Amino acid sequence: DEALTKTGLGMPVVAASPFGQTAQRTVMMWHRGFGDGVWLMRWYVPADDTGSWGLLRLGANIQVRLRTAANGNVVASAAAPTDGNWHYYAGTFDGSVARLYIDGALAATSSAVTGSLLTASRIDGFEHTSNNAWSDDVRIYDEALDQATINTLKDVPVADAPTDITGTAAGSGGGVGAATGTRERVAT
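This structure is a prediction, so every number in the text was calculated from the model and none was measured.

Criteria and cut-off values
- Per-chain numbering applies: the sequence of each chain, read as written, is numbered from 1 onward.
- Given that the model is predicted, a residue must reach a pLDDT of at least 70 before its local features are reported, and side-chain atom pairs must reach 80 or more before they are shown or counted; all residues, however, enter totals for whole chains, interfaces and linings.
- Neither water nor hydrogens contribute to the side-chain values; these are computed over all heavy atoms in the structure.
- Note on exposure labels: buried denotes an accessible area under 20% of the residue type's maximum, exposed denotes more than 50%, and partly exposed covers the range between, all computed with a 1.4 Å probe on protein chains only.
- Starting at the N terminus, helices and strands are each numbered in turn, a helix being any DSSP run of H or I of at least four residues and a strand any DSSP run of E of at least two.
- Regarding the arc, it is the one traced by the directions from the helix axis to the C-beta atoms.
- One number per residue, pLDDT, summarises how confident the predictor is, and it ranges from 0 to 100.
- In this description, contact between two residues means that some pair of their heavy atoms is separated by no more than 4.5 Å.
- Using only the protein atoms, space was sampled on a 1 Å grid; points where a 1.4 Å probe fits but cannot get out form cavities, open sets with protein on both sides within 12 Å along at least five of seven lines form pockets, and lining residues are those with an atom within 4 Å of a point.
- Grid points are joined across faces, edges and corners, and a volume is the space filled by probe spheres set on the points.
- Residue classes follow a fixed rule: Ala, Val, Leu, Ile, Met, Phe, Trp, Tyr, Cys and Pro count as nonpolar, while Asp, Glu, Lys and Arg count as charged, and any other residue, Gly among them, counts as polar.
- The set of buried Ala, Val, Leu, Ile, Met, Phe, Trp, Tyr and Cys residues whose side-chain atoms join them within 4.5 Å is what this entry labels a nonpolar core.
- Polar contacts, as counted here, are pairs of nitrogen or oxygen atoms within 3.5 Å of one another; within protein the pair requires one atom able to donate a hydrogen and one able to accept it, and residues that are adjacent in sequence qualify only if both atoms are side-chain atoms.
- For this document, the term salt bridge refers to a Lys or Arg side-chain nitrogen within 4 Å of an Asp or Glu carboxyl oxygen.

### Things to note about helix 1 (residues 147–154)
Part 1 of the argument: Within the sequence span of helix 1, burial applies to Thr149, Ile150, Leu153 and Lys154. When helix 1 is viewed along its axis, its buried side chains cluster within an angular range of 135° and face the same direction.

### Some thoughts on the confidence of the model for the chain
Part 1 of the argument: For the chain, per-residue confidence averages 76 on the pLDDT scale, and residues scoring 70 or more make up 69% of the total.
Part 2 of the argument: The secondary-structure element of the chain with the lowest mean pLDDT is strand 14 (residues 178–185), recorded at 36, while strand 10 (residues 105–109) shows the highest, at 98.
Part 3 of the argument: Counting contacts from residues 162–188, a segment whose pLDDT is below 50, to residues more than four positions away or on other chains yields 63 contacts.

### Quick look at unusual backbone geometry
Part 1 of the argument: Its identity as a non-glycine residue notwithstanding, aspartate 103 has a phi of 55°, on the positive side.
Part 2 of the argument: Within the secondary structure, aspartate 103 sits in the loop between strand 9 (98–102) and strand 10.
Part 3 of the argument: Judged by relative accessible area, aspartate 103 falls into the partly exposed class, the value being 33%.
Part 4 of the argument: With phi around 50°, aspartate 137 is a residue other than glycine that occupies positive phi space.
Part 5 of the argument: Its place among the elements puts aspartate 137 in strand 12 (residues 134–141).

### Overview of empty space enclosed by the protein
Part 1 of the argument: Overall, the coordinates contain 2 cavities of 30 Å³ or more when judged by the stated rule.
Part 2 of the argument: Roughly 40 Å³ of volume is contained in the second largest cavity.
Part 3 of the argument: Within the residue set of the lining of the second largest cavity, elements represented by two or more residues are strand 3 (25–32) and strand 8 (87–93).
Part 4 of the argument: Grouping the constituent residues of the lining of the second largest cavity by class yields 3 nonpolar, 5 polar and 3 charged.

### Structural notes on the environment of alanine 47
Part 1 of the argument: The topology assignment puts alanine 47 in the loop between strand 4 (38–45) and strand 5 (50–58).
Part 2 of the argument: Through-space distance from the C-alpha of alanine 47 to that of alanine 120 is 9.4 Å; in sequence the pair is 73 residues apart.

### Re the environment of serine 77
Part 1 of the argument: Turning to its location among the elements, serine 77 is positioned in strand 7 (residues 72–79).
Part 2 of the argument: Note on serine 77: relative accessible area 28%, which makes it partly exposed.
Part 3 of the argument: Separated by 32 residues in the primary sequence, serine 77 and threonine 109 place their C-alpha atoms 7.6 Å from one another.
Part 4 of the argument: Once residues lying within four places of it in the same chain are set aside, the contact partners of serine 77 are Asn61, Ile62, Gln63, Leu100 and Ala108.

### So, the nonpolar core
Part 1 of the argument: Of all hydrophobic cores here, the largest spans 27 residues; its most connected members are Leu55, Leu66 and Leu100.
Part 2 of the argument: Looking at this core, the elements that each hand over two or more residues are strand 3, strand 4, strand 5, strand 6 (61–68), strand 7, strand 8 and strand 9.
Part 3 of the argument: For this core, the element with the highest residue contribution is strand 4, accounting for 4 residues.
Part 4 of the argument: For leucine 66, the contacting residues outside a window of four places in its chain are Ser52, Trp53, Gly72, Asn73, Val74, Phe93, Ala98, Val113 and Leu117.
Part 5 of the argument: Core analysis: the next-biggest nonpolar cluster, separate from the first, contains 9 residues, Met28, Tyr101, Tyr141 and Ile150 among them.

### Brief notes about the side chain of arginine 65
Part 1 of the argument: You can see arginine 65 is positioned in strand 6.
Part 2 of the argument: A polar atom in the side chain of arginine 65 sits 3.3 Å from the side chain of glutamine 63.

### Concerning the environment of glycine 91
Part 1 of the argument: Mapped onto the secondary structure, glycine 91 falls in strand 8.
Part 2 of the argument: For the pair glycine 91 and glutamine 63, spaced 28 residues apart in sequence, the C-alpha to C-alpha distance is 8.2 Å.
Part 3 of the argument: Glycine 91 has contacts with Arg25, Thr26, Val27, Trp53, Leu55, Val64 and Arg99, leaving out every residue within four places of it along the chain.

### Considerations on the pattern of salt bridges
Part 1 of the argument: Scanning the entire structure with this criterion turns up 2 salt bridges.
Part 2 of the argument: Among the salt bridges present, the one from aspartate 155 reaches lysine 154, with a minimum N-O distance of 3.5 Å.
Part 3 of the argument: Residue lysine 154 is classed as buried on the basis of its relative accessible area of 15%.

Okay, here's the thing in structure tokens:
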């Protein structure tokens, strides 16, 4: 029964460089609550006043949104649950496409992305103005996790001490290669 929630104005902010800005990446979390036009978590680019990538609630949808100089905004978008319960959102980017997972199921895939994502100067979250939204077990990886690994991790609470998790990261493009290994999970 412990989760992050907003208790006032503003947003929690941490420096982004180089955290979570590799060619491949994943962000995932349990989330409960509503809002519209709000980032659950984003890598922010102040010069453009936008997120270079992250999880966004927009209208009735939840999105993985990313931005490149060549493409502008690219999204993987699906209907957001409206039951008020906890749901697990994961966004991945494999260097070519973004994928959105809701409760461990693939919900959407973006169109192809050209070029690198914009470089962010900070990571922020809880952009929403509601104090009735919560996030828990937030994880950030510098690889695009596959669906099986996302499903495994969604049921493992973030521990107080680092833990090794074995899993597989799928290759980019048309399934070019796969890597199996161990990644360290650190409490947030």
